[in-house]
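# Structural features, examined
The primary structure of each chain is shown beneath.
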Amino acid sequence: MSIKDGKLYIVGIGPGHPDLMTVAAQQAILKSEYVIGNTTYLDQIEPLLPGRKVITSSMGEEIARARHALELASRGKTVSIISGGDAGVYGMAGIVLEIAEKDGAGADAKMDVEVDADTRIQVIPGVTAANSAASILGSPITSDFATISLSDLLTPWEDIEKRIAGAAASDFVIVLYNPKSRNRNTNFGRCIEIVRRYRSGSVPVGLVKNAFRDVERAVVTTLERALDYDDFVDMHTTAIIGNSESRIWGERIITPRGYHRKYDY
Ligand code: SAH
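Remember, it's a predicted structure, so these values are computed and weren't measured experimentally.

### Observations concerning the domain arrangement of the protein
Per the domain assignment, the segments making up the protein are domain 1 (7-127) and domain 2 (130-254). For domain 1 versus domain 2, the separation of C-alpha centres amounts to 28 Å. Between domain 1 and domain 2, the residue contacts involve 9 residues of the former and 10 residues of the latter. Taking both sides of the interface into account, the surface hidden between domain 1 and domain 2 amounts to around 720 Å²; carbon and sulfur atoms contribute 59%. Broken down residue by residue, the surface that domain 1 buries against domain 2 is led by Pro15, Tyr90 and Val127, which jointly contribute 59%.

### Structural notes on the layout of surface pockets
Within this model, the largest pocket holds a volume of roughly 1800 Å³. Lining the largest pocket we find 49 residues, and of these Tyr41, Met59, Glu62, Tyr90 and Asn178 sit closest to its centre. Among the elements of the structure, α2 (39-44), α3 (62-74), β4 (78-83), α4 (92-103), α5 (129-137), β7 (145-149), α6 (157-169) and β11 (237-241) are those that each provide at least two residues to the lining of the largest pocket. Along the lines of polarity and charge, the residues of the lining of the largest pocket split into 19 nonpolar, 22 polar and 8 charged. Residues from two domains meet in the lining of the largest pocket; each of domain 1 (7-127) and domain 2 (130-254) gives at least three.

The rules behind the values
- Residues numbered from 1 in each chain as written.
- Predicted model: local features only at pLDDT ≥ 70, side-chain atom pairs only at ≥ 80, totals over all residues.
- Heavy atoms only, no water.
- Domains from an automatic or database assignment.
- Contact = heavy atoms within 4.5 Å.
- Buried area = accessible area lost by both parts, 1.4 Å probe.
- 1 Å grid on protein atoms, 1.4 Å probe; cavity = no way out; pocket = protein on both sides within 12 Å on 5 of 7 lines; lining within 4 Å.
- Points joined across faces, edges and corners; volume = space filled by probe spheres on them.
- Helix = DSSP H or I, 4+ residues; strand = E, 2+ residues; numbered from the N terminus.
- Nonpolar A, V, L, I, M, F, W, Y, C, P; charged D, E, K, R; others polar.

Here it is as structure tokens:
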């Protein structure tokens, strides 16, 4: 498979509000003859869809979706495949590039050749859920942070537990993606219990549900009280656990960058 004449954009559309989609993401979609994505994300970019051929696909069909996009591009089409947030963060960029690598498509996108506007597979960055949730909470990720997905669909749970413990032990701020789903109701609770072994109960925790969507909700609480909000946390929630220096200011979380160690202010 070669996509010599076609073009494939892998587009991150941000958290859900059009204002938080980049201009580059909009331009890529508007330049595309085909737009491929799941219905949740396509609904979020509806105003950009008229005039384009829209291919909807379901959650769990990522491999078929990626292959379909590559096939269209290989037939000379300009195609956008859509991810929420950033396509490289638990999104479509990985699987599309893996399949392209396997099938030998789009080899000109490799980094040992100059990557320019002509690169045939192009990842367009987007505003991540971590960035979106953090902005609503204040400045919780202003120091080093680790993101961990609690979804054990594609990663063994033992590995996830090791990463939680490692991040907690090294005092990273921790951003949790996929804290729950219909079949994985206990992962968030198990994660909080692990972090509690390493961190004081007074450490701030922010929970942001549906950031920058109509039904946005946010809670600021502490590690020892986080599980009081277990029912609030769902698959549309990003949770941020502060580090040992994070503090609550009103309804916000501040993680100091470290200026206080060097300056008087
Ligand atoms: N590529 C996406 C992440 C996809 S994984 C990104 O860069 O943001 C899906 C998880 O992202 C969800 O389970 C949730 O934890 C988080 N998420 C995505 N959109 C969100 C939003 N608008 N508000 C809060 N969390 C969100």
